[in-house]
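# Chains, contacts and geometry: an overview
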Amino acid sequence: MSHIVLIIIFLVAAVVGYFIINNVPTLLHTPLMSGMNALSGITVLGALAVCAVELRKFSSILSVIIGVLAIILAMINVAGGFGVTAKMLKMFKKEDD
């Protein structure tokens, strides 16, 4: 029963997040993405913790695979966010800097 509740919470959060992001003006997307890097860092830490626990008790190889996949995807998101932020900040620098 608890798995069904978690799936429902995930689906509701995904739908709410989708509608919130769709209502954000285009000019604010890049600054918001820059701020989301902190949340992706938290995702990486959470995935590392889950992988460590699962590797220690080694109850399910599927959990470890999903955890490693979560780490990889979150790190891609963090690196991409920092890249876009760097490009955005470079646009606002003066030519003589």
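Keep in mind that this is a model prediction, so the values were computed, not measured.

Conventions used here
For every chain, the first residue of its written sequence is number 1, and the numbers climb from 1 along that sequence. Side-chain atom pairs in this predicted model are given and counted only at pLDDT of 80 or more, local residue features only at pLDDT of at least 70, and totals for whole chains, interfaces and linings cover all residues. Side-chain metrics rest on all non-hydrogen atoms present in the structure, leaving aside hydrogens and water. Runs of E in the DSSP output that reach at least two residues are strands. Runs of H or I that reach at least four are helices, and both are numbered from the N terminus. Relative accessibility under 20% of the residue-type maximum defines a buried residue, over 50% an exposed one, and the middle range a partly exposed one, all with a 1.4 Å probe and only protein chains included. Computed with the Shrake-Rupley method and a 1.4 Å probe, the accessible areas treat only the protein chains shown as cover for residues. Each patch is built from residues that are more than 30% exposed by relative accessible area and take part in no salt bridge. Like charges join if they lie within 9 Å; nonpolar side chains (Val, Leu, Ile, Met, Phe, Trp, Tyr) join within 5 Å. Think of a salt bridge as a Lys or Arg side-chain nitrogen and an Asp or Glu carboxyl oxygen that are within 4 Å of each other. For every residue, the predictor assigns a confidence score, pLDDT, that lies between 0 and 100. A pair of aromatic rings is counted whenever rings of Phe, Tyr or Trp (Trp by its six-membered ring) have centres within 6.5 Å, and the orientation is called stacked for planes under 30 degrees apart, edge-to-face for over 60 and tilted otherwise. Expected helix span is given by 1.5 Å per residue-to-residue step, counting one fewer step than there are residues.

### Quick word on the overall build of the protein chain
For the protein chain, the helix and strand inventory stands at four helices and zero strands. Listed N to C, the secondary structure of the protein chain is α-α-α-α in terms of helices and strands. For the protein chain, with 97 residues in total, the buried portion stands at 15%. Surface summary for the protein chain: the accessible area is close to 7,900 Å², and the carbon and sulfur share equals 77%.

### What to know about a nonpolar patch on the surface
Together, I4, I8, V12, V16, I20 and I21 give the surface a local cluster of nonpolar side chains, amounting to about 530 Å² of exposed area. Structurally, the position occupied by I8 is in helix α1 (residues 2–22). Residue I8 is classed as partly exposed on the basis of its relative accessible area, which comes to 48%.

### A few points about the confidence of the model for the protein chain
The predicted model of the protein chain averages 77 in pLDDT, with 85% of residues at 70 or higher. Summarising per-element confidence for the protein chain, the mean pLDDT is lowest in helix α2 (residues 29–35) (67) and highest in α1 (82).

### With respect to the packing of aromatic side chains
Throughout the structure, instances matching the rule amount to one aromatic pair. Ring centres of Y18 and F19 lie 5.5 Å apart, and the angle between their planes is 75°; on these two criteria the pair is classed as edge-to-face. Taken as a pair, Y18 and F19 share a single burial class, namely exposed.

### Brief notes about helix α4 (residues 61–91)
If you check α4, its first and last C-alpha atoms are 45 Å apart, about what 31 residues at 1.5 Å a residue would give, namely 45 Å. Every buried residue of α4 is accounted for by V64, G67, I71, A74, V78, G81, T85 and M88.

### Comments concerning the environment of G81
In this fold, G81 is placed in helix α4. Residue G81 is classed as buried on the basis of its relative accessible area of 2%. Along the sequence, G81 and M36 sit 45 residues apart, while their C-alpha atoms lie 7.8 Å from each other.

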